[in-house]
Amino acid sequence: MTNVLVSGAGVAGITLAYWLRRHGFAPTVVERAPGLRAGGQAIDVRGVALEVAGRTGVLDEARRLRTTHRGMSVYDGDGNEIMRSQESTYSSGRLDNDDIELLREDLTRLLYDRTREDVTFMLGDSIAALEQDERGVLARFEHAEPRRYDLVVGADGLHSTVRRLAFGPEQEFVRHLGTYLAVFGMDNFLGLEDWQVWMQDGERGYGVFPVRGNTELRVTLGFRSEPLDHRDPARLRAAVAEAFAGAGGETSRLLKGMEEAGDFYCDSMAQIHMDRWTSGRIALVGDAAHCPSPLSGQGTSLALVGAYVLAAELAAAGGAHEAALARYERRMRPFVALNQALATENPGRGASEESVDRAKDAISLDE
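Counting starts from 1 at the beginning of each chain's written sequence and moves along it residue by residue. Confidence filtering applies because this is a predicted model: local features only for residues at pLDDT of at least 70, side-chain atom pairs given and counted only at 80 or more, and all residues used for totals across whole chains, interfaces and linings. Derived side-chain values reflect all non-hydrogen atoms in the structure, with water molecules and hydrogen atoms excluded from consideration.

For Ile272, the location among the structural elements is in strand E18 (residues 265-272). When a residue's accessible area, from a 1.4 Å probe over protein chains only, is under 20% of the maximum for its type it is buried; when over 50% it is exposed; and in between it is partly exposed. What makes Ile272 buried here is its relative accessible area of 1%. Put simply, Ile272 and Arg32 are 240 residues apart on the chain and 21 Å apart in space, counted from C-alpha to C-alpha. When residues no more than four places from it in sequence are discounted, the contact partners of Ile272 are Leu158, Arg163, Phe173, Val174, Asp287, Ala288, Ala289, His290, Cys291 and Gln340. Put simply, DSSP H or I for four residues or longer makes a helix, DSSP E for two residues or longer makes a strand, and each gets a number counted from the N terminus. Contact criterion: two residues are considered in contact whenever any of their non-hydrogen atoms come within 4.5 Å of each other.

Printed below as a string of structure tokens:
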């Protein structure tokens, strides 16, 4: 087994491609977007995932690019400060540990820079169909000519195309947690300096924090909602505006920034639960297999660790993909279960520090 097709140029997909190449495979990464996706929220690299980042050669640079927030203020819907902390923030947790918070786009770029010289990237294309037999998988693309691969891996997120083609409709696996999150960037009109501002108003709220040397803001707006069509940005923007209608403070300015944002992203806080992540020569990794939702704070760490473990098992098996994929699932499932539980352990208030510490290190990289 040598040729591996990876769907998705995010953290899971690029990390997997890096390690497959290191182990002697010939990976190809196909990505629907015409380039690496910009925007998105700050993400966390924690526990054993820090070791993966170190082995991948991006840890030092990730530390240099980490956010530098000194704390946060939390306000109620009337603009009253109800909490202030210089010990932790909602986005990153405790400020006195070794975990790293950085922008998703920065981590993706670091991984891509380590990988692009040795890996084939098909940007601006996507998988349209998969046909597998005992010898491999024929992938048909939206634009490129069909090609056969020894293995196909879906690292294409919550709304995975590979999962839909190989395992069935998304609704069979998704568990909507009742909340939506919108993320976008805008100018730092608040003049924040390494300080986060949060607002909580019933079933809606937002977080605002500066990035890029305090020149920009990343805004996250959260609200309760029934499932919406993630493929309709106009309807999602309207849903956000409806949810925050009448909210005070700087909400109107934030909503205006949302309408003007070119990097607007909005999706449900949802988890993916599956009985199996592999089917013959097709496998899933990261959010495509077991999205824990951003409420867990562990999606990026699961992506890094899962990609590393999958590549290691394929290498150790010497081409016996059935044994490799079985061991990949056996090693990852306890780790995934603990981390998915972080999102549901204490709804509205977050998981306990003890649960987070236990979950983020609940796997060994060297079995």
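When strand E10 (residues 127-133) meets strand E11 (residues 136-141), the two strands line up antiparallel, connected through six bridges. Opposite Gln132, over in E11, you have Val137 as the bridge partner. Think of it this way: DSSP has to see at least two bridges between two strands before they count as a pair.

Another point: the pattern of salt bridges. Only one rule defines a salt bridge in this text: a Lys or Arg side-chain nitrogen within 4 Å of an Asp or Glu carboxyl oxygen. In this structure the tally under the stated criterion is 28 salt bridges. For Asp96, the salt bridge identified is with Arg94, shortest N-O distance 3.7 Å. Judged by relative accessible area, Asp96 falls into the exposed class, the value being 64%. For Arg94, a relative accessible area of 27% translates into the label partly exposed. Here Arg231 ties to Asp229 by a salt bridge, and the two come within 3.0 Å at their closest N and O atoms. The class of Asp229 is partly exposed, set by a relative accessible area of 36%. Counted as one network, the salt bridges with shared partners bring together Asp44, Arg46, Arg94, Asp96, Asp99, Asp357 and Lys360.

Attention now goes to the packing of helix H9 (residues 299-316) against helix H10 (residues 321-341). The contact between H9 and H10 brings their axes to 8 Å, and the two run at 160 degrees. Compared by their axis directions, H9 and H10 come out roughly antiparallel. Here H9 runs over H10; the crossing is right-handed. Of the residues in H10, those touching H9 at Leu302, Val305, Gly306, Val309, Leu310, Glu313 and Leu314 are Ala324, Leu325, Arg327, Tyr328, Arg331, Met332, Phe335, Val336 and Asn339. Gly is put with the polar residues, along with every residue not named as nonpolar or charged; the nonpolar set is Ala, Val, Leu, Ile, Met, Phe, Trp, Tyr, Cys and Pro, and the charged set is Asp, Glu, Lys and Arg. Each residue belonging to the contact of H9 with H10 can be placed in one class, and the counts come to 11 nonpolar, two polar and three charged. Helix axes are fitted to C-alpha atoms over the stretch in contact, other axes to C-alpha atoms as well, and angles between N-to-C directions run from 0 to 180 degrees. Angles below 35 degrees are treated as roughly parallel, those above 145 as roughly antiparallel, those between 65 and 115 as roughly perpendicular, and all remaining angles as oblique. Crossing handedness is defined as follows: a turn of the near helix away from the far one that is anticlockwise and smaller than a right angle gives a left-handed crossing, while the clockwise case is right-handed.

With that out of the way, let us pick up the sheet that holds strand E12 (residues 147-149). Strand order in the open sheet made by the three strands is E10-E11-E12, with antiparallel pairing throughout. The outermost strands of the open sheet, each flanked by one partner alone, are E10 and E12. With strand direction ignored, the average angle separating the axes of adjacent strands in the sheet is 25 degrees.

Note that Val162 resides in helix H5 (residues 161-167). When the C-alpha positions of Val162 and Ser7 are compared, they lie 7.3 Å apart, and in sequence the two are 155 residues distant.

Another point: helix H6 (residues 233-243). Those residues of H6 not exposed but buried are Leu236, Arg237, Ala239 and Val240. The arc that holds the buried residues of H6, viewed along the axis, is 160 degrees, so those residues lie on one side. Away from the buried face of H6 by more than 90 degrees, exposed residues Ala234 and Glu242 are located. Of the surrounding elements, those touching the buried residues of H6 are strand E14 (174-187), strand E17 (216-224), helix H7 (251-260) and E18. It is the directions from the helix axis to the C-beta atoms that the arc portrays.

Moving on to the packing of aromatic side chains. Each aromatic pair joins two rings of Phe, Tyr and Trp (for Trp, the six-membered one) with centres within 6.5 Å, and gets the label stacked for planes under 30 degrees apart, edge-to-face for over 60, and tilted for any other angle. For the coordinates displayed, the defined rule picks out seven aromatic pairs. Residues Phe223 and Phe244 carry aromatic rings whose centres are separated by 6.5 Å and whose planes lie at 80 degrees to one another, so their mutual orientation is edge-to-face. Here Phe223 is found in strand E17, whereas its partner Phe244 is found in the loop between H6 and H7, with 21 residues between them in sequence. For Phe223, a relative accessible area of 3% translates into the label buried. Taking 5.9 Å as the distance between ring centres and 55 degrees as the angle between the ring planes, the aromatic pair formed by Trp277 and Tyr328 counts as tilted. With a gap of 51 residues between them, Trp277 in the loop between E18 and strand E19 (278-279) and Tyr328 in helix H10 connect regions that are remote in the sequence. For the pair Trp277 and Tyr328, a shared accessibility class is recorded, and that class is buried. Taken together through their ring pairs, the aromatic side chains of Tyr18, Trp19 and Tyr308 make up a single cluster.

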